[in-house]
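# Descriptive structure summary
Here is how the chains run, residue by residue.
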Amino acid sequence: MKKIKFLDLNKQYLSIKSEIDDKIGEVISKSAFIGGEFVENFEKEFASYLGVDFCVGLGNGTDALEILISAFDFPKGSEIILPVNTFSATAEAVVSNGLIPVFADCNDFFSIDLSSIKKVISKKTVAIIPVHLYGIPADMNEILNFAKENNLKVIEDSAQAHGATYFGKKTGTFGDASIFSFYPGKNLGAFGDGGAVVTNDKILAQKVRMIANHGRKEKYEHLFSGRNSRLDGLQAGILSVKLKYLDFWIKKRNLLSKKYEELFENSNVFFPKIPENRISARHLFVVSVEKRDELKKYLTQEGIQTGIHYPKILSKQQAFFNYKADFKNADNFSLKLLSLPMGDHLEIGDVEFVTEKVLNFF
Ligand SMILES: *Cc1c(COP(=O)(O)O)cnc(C)c1O
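The model shown is predicted, which means the values in this text are computed figures rather than measured ones.

Within the protein, the secondary structure is distributed over 12 helices and 14 strands. A compact globule built from 362 residues should have a C-alpha radius of gyration of about 21 Å, and the protein, at 20 Å, falls within 12% of that. The C-alpha extent of the protein, read off along each of the three principal axes, is 65 × 55 × 35 Å. A buried classification covers 55% of the 362 residues belonging to the protein. Across the protein, contacts joining residues at least 24 apart in sequence account for 71% of those joining residues at least 6 apart. When the accessible area of the protein is evaluated, it comes to approximately 16100 Å², of which 50% is carbon and sulfur surface. Computed over 46 positive and 45 negative side-chain charges, the separation of the two mean positions in the protein equals 2 Å.

So, in structure tokens, the structure goes:
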């Protein structure tokens, strides 16, 4: 029976195996495990790819957000607005800094909704974290304008959006700073954990780097009590190799997505029509359907792996019960969303196969 995988990291590895293996060998032979040339090179390459001045490699995307928020030194009890429909890490990083997450609803592009932000903002609000969920750029112009009017920082969560663009500019370059995750399943994934903060603010970048490196300036000069969270040499080397292919992979994801959209046109499968001025990184291809759970079961029986991102909005997770939230649209979506197979491991024929089965079900 034909099987369609949701994700196939091994297939991607095999397509660039010799380059990856050579790079791993090089890192090992130079023992450049922590810091060193491979990390420095990747940081420069990724910053230049995005069009931003500074990139600081870190242990993972969650650490990146936690450290970045900590670098802003917001007053105790400050509130940070973020979308209610995101991965838990976005909220965790706020809570772990002793700050208060406030959840805003999403629009039909699955991005944080400005009218909802206006409902939940308070005197204690210090920042907004737009998440470019599934790789779809949030509407940065309206968020940046609103943030400016209200003197708020903008921290982009670009963990799912490497290579996405908004009016031709890469996501992750709009706010005061942005975080990325290099978790293996992300569009640019390492062979383990990895993350980064990117920004044009030199002082902020230095502060992030110091927090992540025991608060130190020089080897045994600790200016404050920090922590340890670093991108390691092996991951950086692997990411440098993969970065060269990222645009190619994103193009392929967009081709596959276009096919899905073409075949689902005028069906009972809803997907947001992304405006011309934005290019999604297509991390996930998420549709909204009735009878979602039955459809998922049916597709599994037909050999098609799917996912749900995310089955519960954050305000309905026990971890975040206590915080203020506006969530009607996001809550509705959470019952209907289904992530169909998406990635550079797929071919147009696979998309045709999946689409046929979905339409068959209805
Ligand atoms: C993956 C992800 C993170 C966290 O990244 P890790 O590297 O897994 O810690 C944060 N925010 C979003 C939206 C993510 O998808």
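The structure having been displayed, the exposition proceeds.
A few words on the site of the ligand. Lining the immediate environment of the ligand, one finds 14 residues, of which G61, T62, D157, S181 and K186 sit closest. One of the side-chain N or O atoms of T62 is found 2.5 Å from an oxygen atom in the ligand. Here an oxygen atom of the ligand sits 3.1 Å away from a polar atom, N or O, in the side chain of K186. About the coverage of the ligand: the protein hides 92% of its 380 Å² of free accessible area. Within the residue set of the shell around the ligand, elements represented by two or more residues are α4 (61-71) and α5 (88-95). Residue classes in the shell around the ligand are distributed as four nonpolar, eight polar and two charged.

Among the structural elements, P184 can be located in the loop between β8 (177-181) and β9 (195-199). Considered as a pair, P184 and L9 are 175 residues apart in the sequence and their alpha carbons are 7.8 Å apart. Not counting residues within four places of it along the chain, the set of residues in contact with P184 comprises L9, G189, A190 and G192.

Overall, mixed pairing links the seven strands, which are arranged β1-β9-β8-β5-β4-β2-β3 in an open sheet. Looking at the sheet topology across the chains shown, the edges are occupied by β1 (54-58) and β3 (100-104). Each strand axis lies, on average, 25° off the axis of its neighbour in the sheet, ignoring direction. The pairing of β1 with β9 spans five bridges and is antiparallel. Following the sheet pairing, F54 is matched in β9 by T199. Sitting on the sheet, helix α7 (residues 140-149) touches β4 (125-128) and β5 (153-157), and the angle it makes with β5 is about 150°.

Along the chain, I279 falls in strand β12 (residues 278-279). Here I279 falls in the partly exposed class, since its relative accessible area comes to 44%. Counting along the chain gives 108 residues from I279 to T171, while the straight-line C-alpha distance between them is 9.7 Å. For I279, the contacting residues outside a window of four places in its chain are G135, P137, A164, T165 and N254.

Now for the packing of aromatic side chains. Two numbers describe a pair of aromatic rings. These are the distance of the centres and the angle of the planes. A full pass over the atoms with the stated rule returns 19 aromatic pairs. Aromatic pair F103 and F320: ring centres 6.0 Å apart, planes at 75°, arrangement edge-to-face. Residue F103 is found in strand β3, and its partner F320 is found in the loop between α10 (292-301) and α11 (328-334); the two are separated by 217 residues along the sequence. Each of the two residues, F103 as well as F320, counts as buried. Three or more aromatic residues joined by ring pairs make a cluster, and in this case those are F42, F46, Y49, F180 and F182. The ring of F174 carries K169 above its face, with NZ or CZ at 4.6 Å from the centroid. The side chain of K170 reaches across the aromatic face of Y49, ending 4.2 Å from its centre.

Core analysis: the biggest nonpolar cluster contains 48 residues, and L68, I69 and I80 have the highest contact counts within it. By size, the runner-up hydrophobic cluster in this structure holds 26 residues, among which are F38, V39, L188 and I250.

To continue, consider the side chain of S181. If you trace the backbone, S181 turns up in strand β8. With residues near it in sequence (within four places) discarded, S181 still touches G61, A159, H162, K186, L188, G194 and G195.

Moving on: the sheet that holds β12. In space, the three strands of this open sheet follow the order β7-β6-β12, with antiparallel pairing throughout. Pairing within the sheet leaves two strands with one partner each, and these edge strands are β7 (169-170) and β12. Here two bridges tie strand β6 (residues 165-166) to β12, and the two strands are oriented antiparallel to one another. Across the sheet, the residue bridging to T165 is I279, located in β12.

Extensive coverage of β3 is indicated by the burial of four of its five residues. Relative to β3, strand β2 (residues 79-83) runs parallel, the two sharing five bridges. When the bridges of β3 are listed, P83 appears paired with A104. With α5 bridging β2 and the parallel β3, this β-α-β connection has right-handed handedness.

Parameters at a glance
- Each chain carries its own residue numbering, running from 1 in the written order of its sequence.
- In view of the model being predicted, local features appear only for residues whose pLDDT reaches at least 70, and side-chain atom pairs are presented and counted only at 80 or more, with totals across whole chains, interfaces and linings using the full set of residues.
- With hydrogens and water stripped out, all remaining heavy atoms of the structure feed into the side-chain values.
- A run of DSSP states H or I qualifies as a helix once it reaches four residues; a run of E qualifies as a strand once it reaches two. Both are numbered from the N-terminal end.
- Using C-alpha atoms as the atom set, the radius of gyration is obtained and then compared with a globule rule of 2.2 Å times the number of residues to the power 0.38.
- For each residue, the accessible area found with a 1.4 Å probe, counting protein chains only, is set against the maximum for its type, and the residue is called buried under 20%, exposed over 50%, and partly exposed in between.
- Any pair of residues with heavy atoms lying within 4.5 Å of one another is described as a contacting pair.
- Computed by Shrake-Rupley with a 1.4 Å probe, the accessible areas treat only the displayed protein chains as cover when residues are assessed.
- For the purpose of charge, His is not counted, nor are the chain termini; Lys and Arg are scored as positive and Asp and Glu as negative.
- The location of each charge is read from NZ of Lys, CZ of Arg, CG of Asp or CD of Glu.
- Proximity is defined per residue: any heavy atom of the residue falling within 4 Å of a molecule or strand makes that residue near it.
- Residues adjacent in sequence count toward polar contacts only when both atoms are side-chain atoms; beyond that, a polar contact is any pair of N or O atoms within 3.5 Å, and within protein one must be able to donate a hydrogen and the other to accept it.
- Charged residues are taken to be Asp, Glu, Lys and Arg, nonpolar residues to be Ala, Val, Leu, Ile, Met, Phe, Trp, Tyr, Cys and Pro, and polar residues to be all remaining types, Gly included.
- By definition, two strands form a pair when at least two bridges between them are found by DSSP.
- Fitted lines through C-alpha atoms give the axes, limited to the stretch in contact for helices. The angle between two N-to-C directions lies from 0 to 180 degrees.
- Aromatic pairs are defined between Phe, Tyr and Trp rings, using the six-membered ring for Trp, whenever the two ring centres lie within 6.5 Å; interplanar angles under 30 degrees are classed as stacked, those over 60 as edge-to-face, and all others as tilted.
- To sit over a ring, a charge needs its Lys NZ or Arg CZ within 6 Å of the ring centre and within 35 degrees of the ring normal.
- Among buried residues, the Ala, Val, Leu, Ile, Met, Phe, Trp, Tyr and Cys ones that are joined through side-chain atoms within 4.5 Å form a nonpolar core.
- Classification remark: right-handed applies to a crossover when, strands pointing away from the viewer, the course from the first strand over the helix to the second runs clockwise.

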